[in-house]
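Notes for the structure review
Listed below are the residues making up each chain.
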Amino acid sequence: MTGHPTPASLPPPIPASAPPTGARTYRLRTSRGEFAVVDVPPADEVEPKGVVLALPGFTGSKEDFTLLHGPLAARGYRSVAVDGRGQYESDGPADDESAYAQAELARDVLAQAEALGAAAPLHLVGHSLGGQIARAAVLEDHSPFRSLTLISSGPARISVSQEQRVKLLRDALDQMSMAQCWEAILAMGPPEEVGGPARGLGGQEHLRRRWLATRPAQLLATGRQLCTEPDRVAELAAVPLPFHVLSGAHDDAWPVPDLDAMAARLNAHRTVVVGAEHSPNVDRPSPTAHALAAFWDRLHDEDDGNGTLHHG
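Since the model is a prediction, treat every value here as computed from it, not as a measurement. (Residues numbered from 1 in each chain as written. Predicted model: local features only at pLDDT ≥ 70, side-chain atom pairs only at ≥ 80, totals over all residues. Heavy atoms only, no water.)

A look at the overall build of the protein
Within the protein, the secondary structure is distributed over 11 helices and 8 strands. The buried share among the 312 residues of the protein stands at 54%. Taking all contacts inside the protein whose residues are at least 6 apart in sequence as the whole, residues at least 24 apart take part in 77%. Accessible area of the protein: about 12,800 Å², with a carbon and sulfur share of 53%. (Helix = DSSP H or I, 4+ residues; strand = E, 2+ residues; numbered from the N terminus. Buried < 20%, exposed > 50% of the residue type's maximum accessible area, 1.4 Å probe, protein only. Contact = heavy atoms within 4.5 Å. Areas by Shrake-Rupley, 256 points an atom, 1.4 Å probe, with all protein chains shown as cover.)

What follows is the structure, encoded as structure tokens:
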């Protein structure tokens, strides 16, 4: 395709909803720097049950969880969605890829968990790339967490078709500025189909702002991780935490049968959200939030009345 796509060729924007009651946006201070978050408390009329720390995916941001906050608050969960280092509104070096090594990003997550200081159970959630970072954090130290949920995040490297798109993006970033890359992406077609940002809330203008604010080194380093990630499922299965593998009914980053097999290897709870693809948190937020809360509710019911948690 040449030239800018016509409005008819672009998918309709997904409306951005207003933040739920009580939502706060701020920079979470940690031992490893500050991270932009959206923090939504549980609804006033319900029993608080736990805290959720949610990590977005490649080219994503904390806003990818916007439509989950309200339903989770109604079920008693405080939800904190975070921009990772160099992602959208969180600071990070523009050119130093070593700052975005997976181990560094995993330690950021552990610092975020520590900074939240939640006396309530802390449930870790990662979407796509965020799931692999969450996995690395849990493998380093699982003790801060009550559970781990992987949303559309597979056992190893991404599919060949998605790897080609990520490599296309990395090649472009080697030659052009972020603004030039955005224009080139638009000239080739809908961004999510040509290696650009995944479709998100608020339509193309929000994607553009998010894209221009994200650090190039973050995209280069994490894109390489997605294309080279080894299978660490056996390591994760040895961690004494409850796991939940959630995905849409179709996924072009990791085939759904691969996600099914990973869930079996982890002895994980498995949810497939009908009508959703790679971002069920955006495509079908209501059933996604229900499935997340139902999983955590079961764990909540298993916890001792004195606050002791049964891991595993």
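Some words on the pairing of strand 7 (residues 243–248)
Where burial is concerned, most of strand 7 is hidden: 6 out of the 6 residues are buried. Burial of the side chains of strand 7 extends over both faces: Phe243, Val245 and Ser247 are buried on one face and His244, Leu246 and Gly248 on the other. Note that strand 6 (residues 147–151) and strand 7 share 4 bridges and pair parallel. Among the inter-strand pairings, Ile151 is bridged to a residue of strand 7, identified as Leu246. Two elements, strand 7 and strand 8 (residues 269–273), share 5 bridges in a ladder whose sense is parallel. (Pairing = 2+ DSSP bridges.)

What to know about the nonpolar core
If you look at the biggest cluster of nonpolar residues, it comprises 59 residues, and the most contacted ones within it are Leu124, Phe145 and Trp211. When near neighbours in sequence (up to four residues on either side) are disregarded, Leu124 contacts Leu53, Leu55, Val109, Ala134, Val138, Phe145, Ser147, Leu148 and Thr149. By size, the runner-up hydrophobic cluster in this structure holds 19 residues, among which are Ala54, Phe65, Ala289 and Phe295. (Core = buried A, V, L, I, M, F, W, Y, C linked by side-chain atoms within 4.5 Å.)

Here's the deal with the packing of helix 2 (residues 102–116) against helix 3 (residues 129–140)
Running from N to C, helix 2 and helix 3 point in directions that differ by 75°, and their axes come no closer than 8 Å. By the angle between their directions, the pair helix 2 and helix 3 is classed as roughly perpendicular. The segment helix 2 lies against helix 3, with Gln102, Leu105, Ala106, Arg107, Val109 and Leu110 engaging Gln132, Ile133, Ala136, Ala137 and Glu140. The residue makeup of the contact of helix 2 with helix 3, split by class, is 7 nonpolar, 2 polar and 2 charged. (Axes fitted to C-alpha atoms, helices over the stretch in contact; angles between N-to-C directions. Parallel < 35°, antiparallel > 145°, perpendicular 65-115°, else oblique. Nonpolar A, V, L, I, M, F, W, Y, C, P; charged D, E, K, R; others polar.)

Here's the deal with the sheet that holds strand 7
Paired through backbone hydrogen bonds, the strands of a sheet run either parallel or antiparallel to each other. An order of 1-2-4-3-5-6-7-8 is seen for the 8 strands of this open sheet, with the pairing classed as mixed. Two strands lie at the open edges of the sheet, namely strand 1 (24–30) and strand 8, each paired on one side alone. Adjacent strand axes in the sheet meet at a mean angle of 25° when their direction is disregarded. Set on the sheet, helix 1 (residues 66–74) makes contact with strand 2 (33–40) and strand 4 (77–82); between it and strand 4 the angle comes to about 160°.

Regarding the environment of Leu72
In this structure, Leu72 sits in helix 1. For the pair Leu72 and Ala43, spaced 29 residues apart in sequence, the C-alpha separation works out to 8.8 Å.

Some points on the pattern of salt bridges
Summed over all chains, the structure comprises 24 salt bridges. Close ionic contact of Asp64 with Arg210 constitutes a salt bridge, the shortest N to O distance being 2.8 Å. Of this pair, Asp64 sits in the loop between strand 3 (50–55) and helix 1 while Arg210 sits in helix 6 (residues 204–213), and the two are 146 residues apart along the sequence. Taking the shortest distance from any N to any O, the salt bridge between Arg75 and Asp297 comes out at 2.9 Å. Here the residue Arg75 occupies a position in the loop between helix 1 and strand 4, and Asp297 occupies one in helix 11 (residues 285–302), the gap between them amounting to 222 residues. Of the residues examined, Arg75 reaches a relative accessible area of 25% and is grouped as partly exposed. By relative accessible area, which is 14% here, Asp297 ends up buried. Several salt bridges share partner residues, and in doing so they unite Arg32, Arg85, Glu104, Arg107, Asp108 and Glu140 into one network. (Salt bridge = Lys/Arg side-chain N within 4 Å of Asp/Glu carboxyl O.)

Examining the packing of helix 1 against helix 11
Relative orientation of the contacting elements helix 1 and helix 11 amounts to 45°, with a least axis distance of 9 Å. If you check the angle between helix 1 and helix 11, you find them oblique. The crossing of helix 1 and helix 11 is right-handed. Touching Leu67, Leu68, Pro71 and Leu72 of helix 1 are Pro285, Thr288, Ala289, Leu292, Ala293 and Trp296, all from helix 11. Of the residues that constitute the contact of helix 1 with helix 11, the class distribution is 9 nonpolar, 1 polar and no charged. (Left-handed = near helix turned anticlockwise from the far one by under 90°.)

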